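Remarks on the overall topology
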Amino acid sequence: MIAHLRSIIGTILFVLSISASAQDFSITGKVVDANGSPIEFANVILTVENEEEFFKGTSTDEKGNFIIENLGSTTYYVRISLIGHEEFSQKIVLEGNLDLKTIQLNELPEGLDEVTVVAKKPTITRKPDRLIFNVENTALSEGTTLGVLKSTPGIIVSEGGINIKSAPAAVYINNRKVQLTSEELIQLLESAPANSIKSVEVITNPPASYDADSGAVINIIMSKNLVTGYRGNIQTNYTQGVFPRYNAGTSHYFKNDKVNLNLNYSYTNQKINRDQDDRVNFLDDNNQVEQIWRSNVNRNTWSETHNLNLNLDYYLDDRNTLSLTSTGLYTPYFKYQIRNKTNIFDANENFLSSFTADNLSRDNKYNIGTDLIFRHSFKNDASLTFNAHHTVYDYERDQEVFQDEPGVVDDSEFNTLANQDTQIITGKVDYNLPINDNSALDIGAKYSVVNTDSDITRVDVINGNEIVNDANSDVFNYDEKVFAAYTNYSKSWDKWDLNMGLRAEQTNIEGQSLSLSEVNTQDYLNWFPNLSVSHSISEDVNIYSSYKRSIMRPSYTDLNPFTFFLNENTVVLGNPNLVPTYRDHYKIGTSFLDHFTVEAYYMNYDGDIVELPRQNNQTNIVAYTPVNLDKKIEYGFDFVFDYYPTNTWNLYFVTSFYNIAEESDFGEGFVQQDQWSNYSILYNNISFLKDRSLNVSLSFTWVGKNLQQFQTIENRLVSELSVSKTVLNKKGVLFLAVDDFFNTQDFDSSINYLNQSSSSFIDVDTRFIKLGFRYNFGNTKLKTNERTTSAEERERLKDFN
């Protein structure tokens, strides 16, 4: 005890003596492997006092270089280490700037690899503004990227999109926005293998550097090839749901002293089934049931999808890097078939009539987004980044509709051809300045231009003749320009952490409908502050609080006044009078005793944009139309428990009790609804066998009765089981997954307000079993030595669904 106290006092006096001497020396060097190739992320540690007391540390960069500055004249011990390599150590008497030149780390004997490299446990790290879910080398990583998101706490994946609880989420990959439509995003994530994912960040309070419409962010962090050389893999899987699905893909990684390359390709061929039973109560002027329409709707979707993702870093020199990233989605075959049989009854359930409606659509579309990034690092660790982005999106849908009503001579038959071409160009500059070891300043600006041209032509087939229906044909042009600037400041001191920022965005929009001779313009300037504060009361207790203001702009198609007919009684139409939604998000929480977290949150939406089914009781038409709600409020309480019963078993449990209240005036009356609900997750990940080569992940998600867009959605239970086993001397991985084994993911929904009365039962194709295999080749011994450090436009693209 006395010796330890003497050591501490000696270290303090040593540090004070360095400060008093006011000397500013540095130690530099370069770390390479046995082949002379640079090693990134090697740990470089300076110690004092008989090599026991840590003083300073850093890690090597992409070139293998390191520098430790602000050192005084004294004796140090340098240790350089890397997983799987022998440690380098040396005693140094520092009397000036010292260059250790080139230091070689030799690999440990091959046999040690069996001990050193083992499967990891997924861990959950909570920060004031985000949750980090680490999944690398777990059973989850052998499934799809979408499957990982489904198992990530707080994320809800549905047919309508990906949400963080009830809020739509913007999806990023390596901090770059994935600018696809909601449908295409789900297609991309479903077909992309997850074996390259390191972690998923659920960011509920994004800093000001994120676009203001990124109110909630999912950032997928991919593993980097940190060791020089080449590695790759090929994988395939077979899924049996209602119909079979097939997927195959390959990933390749290459790194040397100039290039870091990551290339992923996947192909998916699938048929997805969906059954839906609908009931619409058409009402008279007294809101009494006049007719009951019962419909059985079967939807089948056939698709072939090619996904390509490229990430290339080229190191011009020690301080300058040029990067190219591109995400491409090509769907040469997409067939969408809806078979509808509707029976019509009077109020006493007496049969009146019936009709059938068949809708067959064929799509051809591609979406390619490319970023070119230049990054310059200054000597003071500041950095300047320039980012240029271009998206090209081309979409075409050919639809055939035939509606047959027995006893009626003139059945309805028509065809529509819809096209959409979108170009997005953005330019962005970001400057990061570390003020000192505990604080940093970020400043940036962005300018984006969006142009989309779309048209729809309806041709009615009457007595065998094709006649253009001008009333339901249109051309719509949309132009949007957004200029943004931001600043963000972060600081850590004593037991406090602070992150605050401010973003300003000037938006100019013009939408023009040629056939209707309508022009809609919107010009507005908005300010978006954000703030996060955390304080460690003790080693076991931490409290934090955050605030974030964000915007959700209408999608281009939502503003498009087109009327798109699913059949003569079901239509989808846009609303050119939509205005943006503004959201204010407040959160306060505490984490304690290593395993527990409690949070309370409040979200206020001004003008929330929702797509509502609105029934017309005179024409018997149901129209799906986007509108702005007058008000929406959500608040709730989250309870989190994260624990490791053993060193091979991770147990995570979260439960959230929340209330959603929605208000709006529909002209014929004011509507106010609210609903308390519960959202809970129980997640287990267990590693078996001595070498932990067998991994099992089991999760249950309970989504209680809740309110969504004036619809009441009943209870659902989501169940998922994933098993992975390494084989073939750890070069192969076998994978098995089973989803919805209790068959409890189907759900009921109902609408009941004013003169709106309907209900549905939706049977989605979520119950399946999946078998897969992945084979790794190349330099597979070490994938990463990375250590943990603290250091909008295309989202709104929609097709004509």
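Since the model is a prediction, treat every value here as computed from it, not as a measurement.

1. A look at the overall build of the protein chain
- When helices and strands are tallied, the protein chain shows five helices and 47 strands.
- Counting only residues that meet the buried cut, the protein chain has 52% of its 801 residues in that class.
- Carbon together with sulfur atoms contributes 55% to the accessible area of the protein chain, which is approximately 35,200 Å² in total.

2. Some details on the nonpolar core
- Membership of the largest hydrophobic core comes to 40 residues, with the highest contact counts inside it found for Leu149, Ile162, Ile197, Ile218 and Ile220.
- Those residues in contact with Leu149, other than ones at most four positions away along the chain, are Ile155, Val157, Ile162, Leu189, Val200, Ile218 and Ile220.
- Listed in part, the 24 residues of the second largest apolar core include Val450, Ile551, Tyr582 and Ile609.

3. A few points about the pairing of strand S30 (residues 541-552)
- As judged from the seven bridges shared by strand S29 (residues 518-536) and S30, these two strands associate in the antiparallel manner. Across the sheet, Asn530 pairs through a bridge with Lys548, a residue of S30.
- As consecutive antiparallel partners, S29 and S30 are separated by four residues.
- Here S30 runs beside strand S33 (residues 581-592); their pairing, made up of 12 bridges, is antiparallel. From the neighbouring strand, Tyr547 faces S33, where its bridge partner is Tyr586.

4. Here we look at the sheet that holds strand S1 (residues 25-32)
- Read across the open sheet, the three strands follow the order S4-S1-S7; overall the sheet is mixed. Unpaired on one side and paired on the other, strand S4 (65-71) and strand S7 (98-104) mark the two borders of the sheet. The sheet shows a mean angle of 15 degrees between the axes of neighbouring strands, taken without regard to direction.

5. Comments concerning unusual backbone geometry
- At Phe710, a position not held by glycine, the phi torsion is positive, near 60 degrees.
- By secondary structure assignment, the location of Phe710 is in the loop between strand S41 (706-708) and strand S42 (711-713).
- Residues other than glycine seldom take positive phi values, yet Leu728 does so here, at roughly 55 degrees.

What counts and how
- Residues numbered from 1 in each chain as written.
- Predicted model: local features only at pLDDT ≥ 70, side-chain atom pairs only at ≥ 80, totals over all residues.
- Heavy atoms only, no water.
- Helix = DSSP H or I, 4+ residues; strand = E, 2+ residues; numbered from the N terminus.
- Buried < 20%, exposed > 50% of the residue type's maximum accessible area, 1.4 Å probe, protein only.
- Areas by Shrake-Rupley, 256 points an atom, 1.4 Å probe, with all protein chains shown as cover.
- Core = buried A, V, L, I, M, F, W, Y, C linked by side-chain atoms within 4.5 Å.
- Contact = heavy atoms within 4.5 Å.
- Pairing = 2+ DSSP bridges.
- Axes fitted to C-alpha atoms, helices over the stretch in contact; angles between N-to-C directions.

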